[in-house]
Amino acid sequence: MSDKPHQNLAVIGHVDHGKSTMVGRLLFETGSVPEHVIEQYREEAEEKGKGGFEFAYVMDNLAEERERGVTIDIAHQEFDTDEFYFTIVDCPGHRDFVKNMITGASQADNAVLVVAADDGVQPQTQEHVFLARTLGIDELIVAVNKMDLVDYEESRYDQTVEEVKELLQQVRFDTDNASFIPTSAFEGDNVSETSENTSWYDGETLLEALNSLPEPQPPTDAPLRLPIQDVYTISGIGTVPVGRIETGTMSPGDDVSFQPSDVGGEVKTVEMHHEEVPQAGPGDNVGFNVRGIGKDDIRRGDVCGPADDAPSVAETFQAQVVVMQHPSVITAGYTPVFHAHTAQVACTIESIDKKIDPSSGDVAEEDPDFIQSGDAAVVTVRPQKPLSIEPSSEIPELGSFAVRDMGQTIAAGKVLSVDER
Amino acid sequence: MGKVAVKLKIMPEDPEVDLDALQERLEGSLPEGAKIQGFERDDVAFGLVALLPTVVVPDDAGGSEAVEEAFGGVEGVESIAVESQGRL
């Protein structure tokens, strides 16, 4: 199973549009439901002397098993197709989980957007699509779900596809990179087998579309970027910064620089899982030590990178944001806290440069006076303390952020360009 | 509204922190409405071991913030980071 290439797959969309059922259906169709759950079904069906609907039973019991913590990693589910080994995440619906999507470790490689044909695009659909874009997802599979509830009518499918295409334009998502599939996760239409109920559709099934995804490339070739989570003093070793490598690699002997603290030196040893390693790469949690660096020289929120290609430190940066919730309006001068990698820095929105028209994706207004919930905009941001951040087009892993204020996630965004100090 | 499992990564203040005791203190600090569904441990480097509790919270206002704040006040905790999350 694990010798196939790995894909992190996010399932996004409105919570009531059948996301969990779709996850369950994928597990069911790929034979990834634990054997004992299927066995349990057979036993109960035999005892009661009736067959019943196997998939519905499995759905109920899977959820229960996960809540009881029977499976080891309850935040993820796994299945494999002919081409890939998938780890699948059913994204939470509430906005307050958005920060975790941006700062968490397991960033999605690709996403399945679930939109119910009987309900169309909803605000949460919009938020999730924007987040997918922010998190650097380039390929989107759109499951137009609950087709059974609209009698498998082609016109309802077409209508939903048009709504989603408008939404994709708004966040500048190339609609050529999205594929659309009419599905019913509950009935199993077009998930693993072409459905007779949608004879007007001749495209791929969901599993075929998943199989045709491009293989994810770990960002090994990018320059090293290692956001520092903590800094320790370990007796006999000295100063040990700890963090997760986002891009590039680190080896003993490398000449590194910490920004924005602006200190550097030569890496002496790199440890992972308590063992010294000759090299560590993307996704690895490491501790290391650097010649000549003291505990007070560096801090959480610093980013470690090569001395000759040091992490960018922003005087200001321009970003595309989507406002998710704000009680009033956002104007120039607003200073909330930006969460980017391991850094939390108060930043002032210095100017609101453009407001984006939701229906066309074009600039609706230059230099608007304010933006509010639901708006997409381009803004210029000035960090109040030095902040290392990168253009999303160059290093997406270091180019996204969540904006928080009053205990809420106000907005999320990605960096378009950095004006370095 | 459903429930969300959030896996957190908790780094101790130093390698000497008693992880069993820390685990108990974390369990004792949980805010109402949240529960811990198992602890993992991850050997990091130079004797440092991270605690990785999976916390189940409602898919609702506040996200995992209340838990992160509560854990942040527990003795022996250096930092808290979100590792991964997903709906149950």
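Just above, that's the structure.
A few points on the structure.

Moving on, we get to the pairing of strand 18 (residues 376-383) of chain A. All names here are of chain A. Burial of strand 18 is extensive: seven of the eight residues sit out of reach of the surface. Pairing geometry for strand 14 (residues 313-323) and strand 18, over six bridges, is antiparallel. Across the sheet, residue Ala319 finds its bridge partner in strand 18, namely Val379. Note: strand 16 (residues 343-356) against strand 18, eight bridges, orientation antiparallel. From the neighbouring strand, Cys347 faces strand 18, where its bridge partner is Pro383.

In this section: the pairing of strand 3 (residues 85-90) of chain A. All names here are of chain A. Taken across its six residues, strand 3 has six buried, putting it largely inside the fold. Summarising the sheet, strand 1 (residues 6-13) and strand 3 pair through six bridges and their orientation is parallel. When the bridges of strand 3 are listed, Asn8 appears paired with Thr87. Looking at chain direction, strand 2 (residues 77-80) and strand 3 are connected through four bridges and run antiparallel. Pairing of Asp80 across the sheet is with Tyr85, part of strand 3. Taking the residues that link successive antiparallel strands as the turn, the strand 2-strand 3 hairpin has four residues.

Quick look at the sheet that holds strand 2 of chain A now. Residues and elements named next belong to chain A. Ordered by their spatial adjacency, six strands build an open sheet running 2-3-1-4-5-6, and the pairing between neighbours is mixed. Looking at the sheet topology across the chains shown, the edges are occupied by strand 2 and strand 6 (178-182). Put simply, the sheet's adjacent strands are angled 25 degrees from each other on average, direction ignored. Judged from the five bridges that link them, strand 1 and strand 4 (residues 110-116) form a sheet pairing that is parallel. In the strand pairing of strand 4, Ala10 is matched with Ala111. Sitting on the sheet, helix 5 (residues 123-134) touches strand 1 and strand 4, and the angle it makes with strand 1 is about 155 degrees.

Judged by side-chain charge, Glu154, Asp158, Glu162, Glu163 and Glu166 of chain A come together as a negatively charged surface patch. Note on placement: Glu162 of chain A falls in helix 6 (residues 154-170).

For soluble globular proteins, the rule of thumb is that nonpolar side chains tend to be buried together. If you look at the biggest cluster of nonpolar residues, it comprises 68 residues, and the most contacted ones within it are Phe79, Leu140 and Leu210 of chain A. Every residue in contact with Leu210 of chain A, bar those within four places of it in the chain, is listed here: Leu9, Leu26, Phe79, Phe84, Phe86, Val112 and Ile141 of chain A.

With that out of the way, let us pick up the interface of chain A and chain B. Residue-level contacts link 46 residues of chain A with 44 residues of chain B. By the criterion of area lost to chain B, the three top residues of chain A are Glu67, Tyr232 and His274 of chain A, representing 17% of everything that side buries. At the junction of chain A with chain B, the criterion picks out four salt bridges. Among the ionic pairs, Glu65 of chain B bridges to Arg404 of chain A, the shortest N-O distance being 3.3 Å. The tally of links between chain A and chain B comes to 21 residue pairs in polar contact (both at pLDDT 80 or more). Elements with a minimum of two residues in the side of chain A that touches chain B: helix 1 (19-29), helix 3 (54-68), strand 3, helix 4 (98-103), strand 7 (226-234), strand 8 (238-244), strand 10 (263-272) and strand 12 (285-290) of chain A. Per-element tally for the side of chain A that touches chain B: the top contributor is strand 12 of chain A, with five residues.

Criteria and cut-off values
Residues numbered from 1 in each chain as written. Chains lettered and ligands numbered in written order. Predicted model: local features only at pLDDT ≥ 70, side-chain atom pairs only at ≥ 80, totals over all residues. Heavy atoms only, no water. Buried < 20%, exposed > 50% of the residue type's maximum accessible area, 1.4 Å probe, protein only. Helix = DSSP H or I, 4+ residues; strand = E, 2+ residues; numbered from the N terminus. Pairing = 2+ DSSP bridges. Axes fitted to C-alpha atoms, helices over the stretch in contact; angles between N-to-C directions. Contact = heavy atoms within 4.5 Å. Patch = residues over 30% accessible without salt bridge, like charges linked within 9 Å, V, L, I, M, F, W, Y side chains within 5 Å. Areas by Shrake-Rupley, 256 points an atom, 1.4 Å probe, with all protein chains shown as cover. Salt bridge = Lys/Arg side-chain N within 4 Å of Asp/Glu carboxyl O. Lys, Arg positive; Asp, Glu negative; His and termini not counted. Charge placed at Lys NZ, Arg CZ, Asp CG, Glu CD. Core = buried A, V, L, I, M, F, W, Y, C linked by side-chain atoms within 4.5 Å. Buried area = accessible area lost by both parts, 1.4 Å probe. Polar contact = N/O pair within 3.5 Å; in protein donor to acceptor, adjacent residues only side chain to side chain.

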